[in-house]
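# Coordinate inspection notes
Residues per chain are reported as follows:
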Amino acid sequence: MNQSNVSIKALNLTKVYSRGSEKISAVDDVSLRINQGDFISIIGPSGSGKTTLINLLGCLDNPTSGELHLGGRAIFSHAKPLSERELTKIRREIYGYIFQNFYLIPTLTVLENVMLPLTFYQKPGTENEAVKLLKLLGMEHRKDHLPGQISGGEMQRVAIARAMVNMPEILLADEPTGNLDTKRSGEIVRVLQELNRNSGLTIIMVTHNPELARCADRMFEMRDGKICEIAYEPRDSYCEDVSKDRPLRGTNEDRPIKTSTLTQK
Amino acid sequence: MITKFQVAYKNLMRKRIRSLLTLVGIALSAWVLVSLLGFNQGYETALNKDIDNMGFELMVMAKGCPYEAATLMLKGGTGLKYINESIMDDIAKEPEVDKAFPMLMSAVFDPNKGESGGIAGYFGVDAKSFAEMKPSLKFRQGKWFTRTDTYEAVLGYEAAELEQREVGDMILMPEKNVEFKVVGILERTGTQDDGTIFVPLKTLQKIFDRPNELTTIGIKLKKDANSARFEEKLYKLPDVQVVSLAQVKDTIMKLISTAKVMVLSIASIAILIAMVGVINTILMSVHERFQEIGILKTIGAMPWDIFKLIWIETLILCAIGGLLGIGLALILSKVTGILIRYVMPYAPSGGLVLIDLRLIFVTMAAILGIGLVSGLYPAWKAGRIRPLEAIRSEVAR
């Protein structure tokens, strides 16, 4: 993986939405620093602003005010908001994304889904990355299957492979286990931990599950748009409890689960 | 590596029936377009061929309606007017004239023709001058009659087939009850001559009691002759009119131009409907994939990438539809020709729908052009989808 010294520094990030005449601060004056190679989790109840924050940190949206620096480079500062084009350029070079609903393209095979980002942008040296990743994630035997033919846990593994195919420096995971049962959730978190430990990949994971969040190295909690870091003893217990005896690769015991993705249409 | 083309193609396969129906719409409009353009050039080519095969440039006939004269010459008919044979000698003396040949057209009612009988046309010609005028006529069997007053006949290819006659057989002229001996059968020419029965001029004049009378004199001018000045000269002759074949062609083209405009309008409407169909299909597809497109942008697709992806989908539909339509037009060109022949006031012999490589390229370019234009709006709309909105739309669900 890319070992460049990218870290995230957010200074007084604020995002205000208008609902009629009412102003809602979804993210309110948030400052935080994430070092390269950190695995952090953000927890909080629904509506606390954690998804808005991850969208800002992941350059999916412009903040109302505040600054964001990636590896010393100012992305959002006091200047005007970045265009969609500029945001896309940053995203495809630095970030990988995984979502609760996987968002795999149902007409493309597992391998094609993983290779999809390369259709739009390809970093040098990523030619064989798709197959390597599928192998690493234990999905090589499913590479010619369509998403509808594999289980939810496997779909999320494919989504992780897709996010990793262009060798990002930061992986953003928004409720990556929200559609999975406990066992599958444990497996996915374990995959993320391994990627973080073995590749030095920076991971920011949003979850509403405090037990899962404790598998990260650092944990932040959001409430009403404000953020605070929670001191705790990082542990693998949740993951170990549910997946210590399971191999990294997916098993045939996985059952396809229903998701609400549009791609399922 | 998966290409944008593969992604677009696989997406179209997601809703097979919808894509197929759109494809059929495009194919049908391409079919109409190719057939129409093919007809435009086929009709004119066939008409030119018909006129060239006549072997002469000017016709002299009795004064009357020029349209009537034109169709009479090309199609045969009744209600004929006559000119005196002596005019023929006057014309032959003119220095501009290379060759001239006299002709008497007669028609009889044949009760055995078709279901309820029909008109059978007889051309009284002078074998020598007629053969000189039309060197392209070849014999399948036999040869021309040698004299102008015998009871002999030469049959066009189709006339021989229809009457089932061989050289040496007798053929009866209905109504007049006169028998002719078949002395020759012509090869197929693809012109009006195929359905004609040629008999000696003097014999026909005698049978119809038209001594020294003709319906038409065909004139071939010398190469350097001034056609317009010669026509002026002919008008000085009493009670005749001169019809140049160029004029005949113009007249016929004018007659069918109205029909052409009608068909062109219908084709334009068909294309417009197909275009709306394409826009609708692609817009629906973009709407359904709102989230998916948003995610594609999240994973690195630029607005232009999405624009291209949607545009490719439109182009695939139009390219396959266009090819199907052209194939259909090629296969069914004969049927289209028959249909046109049925509705047109006059149709020359031979293939009426001429589809060549140039026409195929032009149509394909037109269909692809239409596809590109149809895809503009849906592609632009898809390119503008913001990833955040796509993700939020899931939250709102």
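Conventions and cut-offs
- Within each chain, residues carry numbers counting from 1 in the order of the written sequence.
- Each chain takes a letter, starting from A, and each ligand takes a number, starting from 1, following the order in which they are written.
- Totals for whole chains, interfaces and linings use every residue, but because this is a predicted model, local features are given only for residues with pLDDT of at least 70 and side-chain atom pairs only at 80 or more, for both listing and counting.
- By the criteria applied, helices consist of DSSP H or I runs no shorter than four residues and strands consist of E runs no shorter than two, each listed in order from the N terminus.
- For every residue, the other C-beta atoms within 10 Å of its own C-beta are counted; 20 or more classify it as buried, 12 or fewer as exposed, and values in between as partly exposed. C-beta atoms are placed from the backbone.
- Here contacts are defined at the residue level, using C-beta atoms placed from the backbone and a cut-off of 7 Å between them.
- Here the rule is simple: two strands pair whenever DSSP picks up at least two bridges between them.
- Only the stretch in contact is used when fitting a helix axis, every axis being a line fitted to C-alpha atoms; angles between N-to-C directions are given from 0 to 180 degrees.
- We call Asp, Glu, Lys and Arg charged. Ala, Val, Leu, Ile, Met, Phe, Trp, Tyr, Cys and Pro are nonpolar, and the rest, Gly among them, are polar.
- Angle categories are assigned with fixed cut-offs, so that under 35 degrees is roughly parallel, over 145 is roughly antiparallel, 65 to 115 is roughly perpendicular, and the rest are oblique.
- When the near helix sits turned anticlockwise from the far one by under a right angle, the crossing is termed left-handed; a clockwise turn instead gives a right-handed crossing.

The next thing to look at is the overall build of chain B. Of regular secondary structure, chain B possesses 14 helices and twelve strands. Across the 397 residues that make up chain B, the buried fraction comes to 42%. Here the contacts in chain B between residues at least 6 apart in sequence split such that 82% fall between residues at least 24 apart.

For the rest of this paragraph, the subject is the sheet that holds strand β5 (residues 73-76) of chain A. All names here are of chain A. Taken in spatial order, the four strands line up as β2-β1-β4-β5 in an open sheet, and their pairing is antiparallel. With one partner strand each, in any of the chains shown, β2 (22-34) and β5 form the two edges of the open sheet. Taken pair by pair, the neighbouring strands of this sheet meet at an average axis angle of 30 degrees, ignoring direction. Bridge count for strand β4 (residues 65-70) against β5 is three bridges, and the pairing is antiparallel. The residue bridging Leu68 from the neighbouring strand is Phe76, located in β5.

Judged by how many residues are buried, helix α1 (residues 50-57) of chain A sits mostly within the fold: eight of eight residues are covered. Listed as buried for α1 of chain A are Lys50, Thr51, Thr52, Leu53, Ile54, Asn55, Leu56 and Leu57 of chain A.

This part takes up the interface of chain A and chain B. With 28 residues of chain A at the contact, the number on the chain B side is 28 residues. When contributions to the side of chain A that touches chain B are tallied by element, the ones reaching two or more residues are α2 (84-94) and α3 (110-120) of chain A. In terms of residue count, the dominant contributor to the side of chain A that touches chain B is α3 of chain A (seven residues). Per-class residue counts for the side of chain A that touches chain B are twelve nonpolar, eight polar and eight charged.

Residue and element names in this part refer to chain B. It is the contact of helix α1 (residues 4-12) with helix α11 (residues 303-331), at a shortest axis distance of 9 Å, that shows an interaxial angle of 60 degrees. Between α1 and α11, the interaxial angle falls into the category oblique. Handedness of the crossing formed by α1 with α11: right-handed. From α1, Lys4, Phe5, Val7, Ala8, Tyr9, Asn11 and Leu12 reach across to α11, where they touch Lys308, Leu309, Ile312, Glu313, Ile316 and Leu317.

With that settled, the discussion passes to the environment of Met59 of chain B. All names here are of chain B. Relative to the helices and strands, Met59 is located in strand β1 (residues 58-62). Overall, the presence of 23 C-beta atoms within 10 Å leaves Met59 in the buried class. Note: C-alpha distance between Met59 and Val242 (183 residues apart in sequence) is 5.7 Å.

Within the secondary structure, Ile204 of chain A is located in strand β8 (residues 202-206). Excluding residues that lie within four positions of it along the chain, Ile204 of chain A makes contacts with Ile34, Ile40, Ile42, Ile54, Leu57, Ile170 and Leu172 of chain A.

Residues and elements named next belong to chain A. Taken together, the six strands give an open sheet; going across it, the order is β6-β7-β8-β3-β9-β10, and neighbouring strands pair in mixed fashion. In this open sheet, the two edge strands, each paired with only one partner strand, are β6 (95-99) and β10 (226-230). When the angles between neighbouring strand axes are averaged without regard to direction, this sheet yields 20 degrees. Across four bridges, strand β3 (residues 39-43) lies against strand β9 (residues 218-223) in parallel orientation. Paired with Ile40 across the two strands is Arg218, which belongs to β9. Set on the sheet, helix α5 (residues 152-164) makes contact with β6 and β7 (170-174); between it and β6 the angle comes to about 165 degrees.

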